[in-house]
There are 2 protein chains.
Amino acid sequence: MSAYKAPLEDIRFLLEAFDYNERVQSIPRFEDFDLDTAMDLLEGYASFCVEVLQPLNGPADAFGVKYNPDDHSVTTAPGFKEAYQQYAENGFTALPFPQEHGGIGAPVVVSTLGSEVLIASNKSFSMCPGLTAGLIDSLEEHEVHSDIYGNADLLPKLISGEWAGTMCLTEPQCGTDLGLIKTKAEPFGDHFKLTGTKIWITFGEQDITENIIHLVLARLPDAPPGIRGISAFVVPKINDDGSRNPVFCGGTDHKMGIHASPTCVMNFEDAEGWIVGEPHRGMRAMFTMMNAARLNVGIEGVALGEAAYQSALSFARDRRQSRSLAPAKSDRNAEADNILVHPDVRRMLLEIKSTNEGLRGLVAWIAMCYDLSHHATDEEEKAKASDLVALLTPIIKSYGSERGFDNISTAMQVMGGAGFTSDWPVEQYMRDERIAMIYEGTNHIQALDLVGRKMPMHGGRLMRVFAGEVTSLIRECSGNEALAPFVAALKTESKRLNDTTMKLGAVAMSDHEVMGAVASNFLNQFALVTLGYVWLKQLSKVVDRDESDALRRSKFQTGRYFFELVLPDAAGYAAKVAVGKEPMTDVDVDLL
Amino acid sequence: MSAYKAPLEDIRFLLEAFDYNERVQSIPRFEDFDLDTAMDLLEGYASFCVEVLQPLNGPADAFGVKYNPDDHSVTTAPGFKEAYQQYAENGFTALPFPQEHGGIGAPVVVSTLGSEVLIASNKSFSMCPGLTAGLIDSLEEHEVHSDIYGNADLLPKLISGEWAGTMCLTEPQCGTDLGLIKTKAEPFGDHFKLTGTKIWITFGEQDITENIIHLVLARLPDAPPGIRGISAFVVPKINDDGSRNPVFCGGTDHKMGIHASPTCVMNFEDAEGWIVGEPHRGMRAMFTMMNAARLNVGIEGVALGEAAYQSALSFARDRRQSRSLAPAKSDRNAEADNILVHPDVRRMLLEIKSTNEGLRGLVAWIAMCYDLSHHATDEEEKAKASDLVALLTPIIKSYGSERGFDNISTAMQVMGGAGFTSDWPVEQYMRDERIAMIYEGTNHIQALDLVGRKMPMHGGRLMRVFAGEVTSLIRECSGNEALAPFVAALKTESKRLNDTTMKLGAVAMSDHEVMGAVASNFLNQFALVTLGYVWLKQLSKVVDRDESDALRRSKFQTGRYFFELVLPDAAGYAAKVAVGKEPMTDVDVDLL
């Protein structure tokens, strides 16, 4: 009872709204990817996801994964292996990677928006190419010191999809705090032997690809304690000679969602590994992939929020219950009115649609900046784009995952009891989405990254770049009567954000606990202003169309909801930031 | 990895805070149930729930229910049948029911607070006695016209737990709108034959009790259309002569949560039934049980919110990650600090604790009013109590279920990845709780009930009674320095609520769509003021204790969080109410 349709029209509109051709295609590296080509690529990709991967989603959730303790193998859901092979053969694993290693070379903004469709179709499946992409990002910037597993050996295999990758970070005693890692790496000839236990390793073991390359954080014998003593290694599942490297899956976790994505305990028992980059500098290999990975977590919220919205809307279009509160709007030919006549049903749908289209626009903008930050020819543009990526990625990850989850819950509410049953996919979306607030750095870690690292960086330059964008958009839109209420609302909240930032900056310098206490609320305030910017941008792109134009009308009714009923929440978050730390710090934890 | 402990101390404190002995035990009917006796009863009940029912909770979730299409039978989770027998033998099914029918005769406030422990221990299990209690409430006030299934026949069997009851309301085409019911009841001698299909019938079929009594809404042949043509019937599963009445389970739903509670499609195929009350007046039998049932749904949020909080807190007490942002607070003897040192972890825990203890207090207060509204000897007190029950029950149901769900999600966030796995019970709590926002009248239906029915009732008398309670508490607390900031905060939000109410009242009279558009936000604004009242009440009861007293310190640090960081959200809801209906009504639904 689901008929998810890839939101390609909105994706195209957003790429246009953020001047895709002028900004991305103008870069020599991307000259073959004009908007039409990008959309063709996305259309093909979306068809595959919707037609091949989506039908596997529900059954795979029910199947989960099967772990066999006798041989430590993991069996994935029926159809996954075959679908993955087709996915790879179609070149989809290779989308955003450089042509010199066999990639397609598409801009990251294109593959990121494609990811929305992939995740909406089958989130569990998406985790396998997703993690592999993280490894590829890492290996493109850090050298593996190995004659047999060098970058030139690994990258083509990973990009083609023949092999898959994992990220082995977490251990039982350390999740957020990677400085506590205990896994050991002992030098052994030209390579190392790794021993330790890693947990929550996504697709750590599977029956989909012929080999798995683990990126493992571990400590060398002479490592200093803490985060400055972590090195990175690649550890293959299958050795060069076809023998088994002793890295075994010790079990898979039972989880609320993403059932078909194996979450493995991985035991390294003197497993052979090769160092990536310099000793004790392993965290660099991590940070390289972090921005892209976090954008991707943000888009998970958009993806499943959109899919849930579509389910709720299609349910609502068919459902009749009760009468309009305005008798004149009642359909007296039927026994009851369509539930879309009820203002509260519209409120719920607009709450989802307005935040989701805002977030999609935010991702489109920042993913485009990601491409520019790596490849723009103009140094100033490159630096500006890089600042925006650094500043807004934690917001996308955190607000996107929180909002995505809330939106799915709201979609369920539209559907009543039906949404709670497995006859509709919404309950699975909810279970699948919840983890996004936790992994890739919990949402509070994102907030600390925003307030503690990104905002003070370069004397506050990142904030000035963002404020400059907002100011120039407001200036551009000023004087346009149709945009006036939205410009005014954005001005108000943008000014409030500025005030909050100034006050916070002054206190947080001398008292880091204040920063920790208010960071999560501050991030949400900031996120809403960011979405306000994105919405004004969207409206500015359609305002000159005829008033009867469907896209103009749609964007205006949705945007209006955002400005009148979502953006004002920023004031509430600001008030909480202003409270400071005392209600949290003047607390006796024994009394909790 | 769970060690849920019944929050009996807080329950006792709240009963005292709302003057249980003076108000409830002073009623002749409840003279045997002074606070000590009530707490003894609750302690025994809680022990049973925690020791017998809680261990079944996780395994039962994994087992679900098994439906056998050959004989239409439903097998419940291992242990349920035996546990239910013990539960009944202990007299727990009989707790709040009158002694004349074999009940224990305890006040509803006592059994309702007991329900918190039952639900926290095993929500799926709780649904069976829960639905039966609804039927009993109904049969205590409405006569069954039958020689063999009269009230005197049914009540002892239901109260003793030998038989169970169901509520058969919903049909495929009608959930919220019961006026659309199609099930037919044809007269047949002294009784009726019922034909039709009911869906979402909780414990509609089971292997726990020897008989099941269905309360069924249906239409007589001469019924007028809509809600005024609905009659109520009792339909037994097993006839008087031991033969099977043709009411069969056609299947059970697969759901996100409450897996072990069978949700059945029930097919009535000329099943014999007896009318309850008068023809076409079946909705009365429904409304009788509604207040108690809705209180119970509100307490589900408190129950699972509390259980999730306890899991998160116990996880947090053991977990060390990262360093305090205030170096002086760091534990340098350990590799990392306990996570309770981080202000954001405390923020999350206090967010749960403050709203949960507020909601528990609200339920204690209103459940006490429920007893008074039925049995108080003073007519004025009785009327006042009845007004408060009518006014605040929709708030308890709606805000309790929404907050409960959010609180469980927040508890999961404290635990990180661990909370997402089935190693901890939190992910099950989340799945089990989500339906509470939907059943017993969706949360928006509660909001419409509040704004459209309860507030205008008797010329606004219910609101005046509530406002009177708030004003008199504020007056009582004024001048006490330790309470001053809380009094001020409650005054502000109480005045704001009054303003919102006045403005809304003026508009909603002439434009019901406005009411529908803002009702959900208004309910949340109202709910926060209500919790503010409950918190001030709690603090006023401990303020005179020594400042070192643990309960005083605990209530003050939790209450402070509520007043500084939760209550102010009321302003945000008020602002949304002020926006009115246009962003929802000036919308072309074809563009959604």
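Computed from a predicted model, the values in this text were never measured in an experiment.

### Quick notes on the overall build of chain A
No. 1: Helix and strand counts for chain A come out as 19 helices and nine strands.
No. 2: Against the 2.2 N^0.38 benchmark of 25 Å for 592 residues, chain A shows a C-alpha radius of gyration of 24 Å, consistent with a compact globule.
No. 3: Each principal axis of the C-alpha atoms in chain A carries an extent, and together these give about 80 × 60 × 60 Å.
No. 4: Sequence separation of at least 24 residues holds for 76% of the intrachain contacts in chain A that already meet a minimum separation of 6.

### So, the relation of the copies chain A and chain B
No. 1: Expressed as a screw operation, the relation of chain A to chain B combines 0.0 Å of axial shift with a rotation of 180°, fitting to an RMSD of 0.0 Å. Considering both components of the superposition, the chain copies are consistent with a two-fold axis. In terms of C-alpha distance to the rotation axis, chain A has G572(A) as its closest residue, with the C-alpha 3.1 Å off the axis.

### Concerning the packing of helix α1 (residues 8-17) of chain B against helix α9 (residues 343-375) of chain B
Residue and element names in this part refer to chain B.
No. 1: Between α1 and α9, the least distance of the axes is 9 Å, while the angle of their chain directions is 50°. It follows from the interaxial angle that α1 and α9 lie oblique. As α1 runs across α9, the sense of the crossing is right-handed. Residues D10, L14, L15 and A17 of α1 pack against E357, R360, G361 and A364 of α9.
No. 2: Tallied by class, the residues present in the contact of α1 with α9 amount to four nonpolar, one polar and three charged.

### Some remarks on the interface of chain A and chain B
No. 1: Listed by partner, the interface residues are 73 residues for chain A and 73 residues for chain B.
No. 2: Class assignment for the residues of the side of chain A that touches chain B results in 34 nonpolar, 20 polar and 19 charged.

### A look at the pairing of strand β5 (residues 191-202) of chain B
Residue and element names in this part refer to chain B.
No. 1: The element β5 is largely enclosed, with a buried count of nine among its twelve residues.
No. 2: Linking strand β4 (residues 184-188) to β5, which pair antiparallel, is a turn of two residues; within it G189 sits at a positive phi near 65°.
No. 3: Here nine bridges tie β5 to strand β9 (residues 263-276), and the two strands are oriented antiparallel to one another. Across the sheet, residue K193 finds its bridge partner in β9, namely E272.

### A short note on the nonpolar core
No. 1: Formed by 407 residues in total, the largest nonpolar core has its most connected members in F233(A), I366(A), F233(B) and I366(B).
No. 2: Every residue in contact with F233(B), bar those within four places of it in the chain, is listed here: A185(B), F192(B), L194(B), V216(B), A218(B), G273(B), W274(B), I275(B) and V276(B).

### Section: helix α10 (residues 379-415) of chain A
Two residues of an α-helix separated by three or four positions point the same way, owing to the 3.6 residues in each turn.
Residues and elements named next belong to chain A.
No. 1: Its 37 residues place the ends of α10 50 Å apart at the C-alpha level, agreeing with the 54 Å of an ideal helix rising 1.5 Å per residue.
No. 2: The largest bend in α10 is about 40°, located at L392, with the proline P394 one to four residues further on.
No. 3: Counting buried residues in α10 gives 30 out of 37 residues, a clear majority hidden from the surface.
No. 4: Positive backbone phi, at 60°, marks G416, one or two positions downstream of α10.

### What to know about the pairing of strand β6 (residues 211-218) of chain B
Residues and elements named next belong to chain B.
No. 1: Burial analysis of β6 places seven of its eight residues in the buried class, which makes it a mostly covered element.
No. 2: Looking at chain direction, strand β3 (residues 163-168) and β6 are connected through six bridges and run parallel. For C168, the partnering residue across the bridge sits in β6 and is V216.
No. 3: Bridging between β6 and strand β7 (residues 231-236) involves six bridges; their strand directions are antiparallel. Its bridge partner lying in β7, A218 is registered against S231.

### Quick look at the packing of helix α3 (residues 35-63) of chain A against helix α5 (residues 108-121) of chain A
All names here are of chain A.
No. 1: Interhelical geometry of α3 versus α5 gives an angle of 20° and a closest axis separation of 8 Å. Considering the angle they form, α3 stands roughly parallel to α5. The chirality of how α3 crosses α5 is right-handed. Each of A38, L41, L42, Y45, A46, C49, V50, L53, Q54 and N57 in α3 lies in contact with α5, whose residues at this interface are V110, L113, G114, V117, L118 and S121.

### Let's talk about helix α13 (residues 443-454) of chain A
No. 1: Taking burial as the measure, the twelve residues of α13(A) include ten buried ones, the bulk of the element.
No. 2: Considered for burial, the residues of α13(A) that qualify are N443(A), H444(A), I445(A), Q446(A), A447(A), L448(A), D449(A), L450(A), V451(A) and K454(A).
No. 3: Those residues of α13(A) hidden inside the fold are in contact with α10, α14 (457-477), α15 (484-510) and α16 (512-542) of chain A together with α9 of chain B.

### Quick notes on the environment of A60(B)
Residues and elements named next belong to chain B.
No. 1: With respect to the helices and strands, A60 occurs in helix α3 (residues 35-63).
No. 2: Separated by 317 residues in the primary sequence, A60 and T377 place their C-alpha atoms 45 Å from one another.
No. 3: The residues touching A60, leaving out its near neighbours within four places in the chain, are A77, F80, S124 and A260.

### Side note on unusual backbone geometry
Glycine aside, residues mostly have negative phi, and peptide bonds are mostly found in the trans state.
No. 1: For E440(A), which is not glycine, the phi dihedral falls at a positive 55°.
No. 2: For E440(A), the location among the structural elements is in the loop between α12 (426-433) and α13.
No. 3: Given 23 C-beta atoms within 10 Å, E440(A) falls into the buried group.
No. 4: Within the chain, H72(B) stands out as a residue other than glycine whose phi angle is a positive 60°.

Reading the values: the criteria
Residues numbered from 1 in each chain as written. Chains lettered and ligands numbered in written order. Predicted model: local features only at pLDDT ≥ 70, side-chain atom pairs only at ≥ 80, totals over all residues. Helix = DSSP H or I, 4+ residues; strand = E, 2+ residues; numbered from the N terminus. Rg over C-alpha atoms; globule rule 2.2 N^0.38 Å. Contact = placed C-beta atoms within 7 Å. Least-squares fit on C-alpha atoms with pLDDT ≥ 70 in both. Axes fitted to C-alpha atoms, helices over the stretch in contact; angles between N-to-C directions. Parallel < 35°, antiparallel > 145°, perpendicular 65-115°, else oblique. Left-handed = near helix turned anticlockwise from the far one by under 90°. Nonpolar A, V, L, I, M, F, W, Y, C, P; charged D, E, K, R; others polar. Buried ≥ 20, exposed ≤ 12 C-beta atoms within 10 Å, placed from the backbone. Pairing = 2+ DSSP bridges. Core = buried A, V, L, I, M, F, W, Y, C linked by C-beta atoms within 7 Å. Expected span 1.5 Å × (residues − 1). Bend = angle between axes of the 7 residues up to and from the residue.

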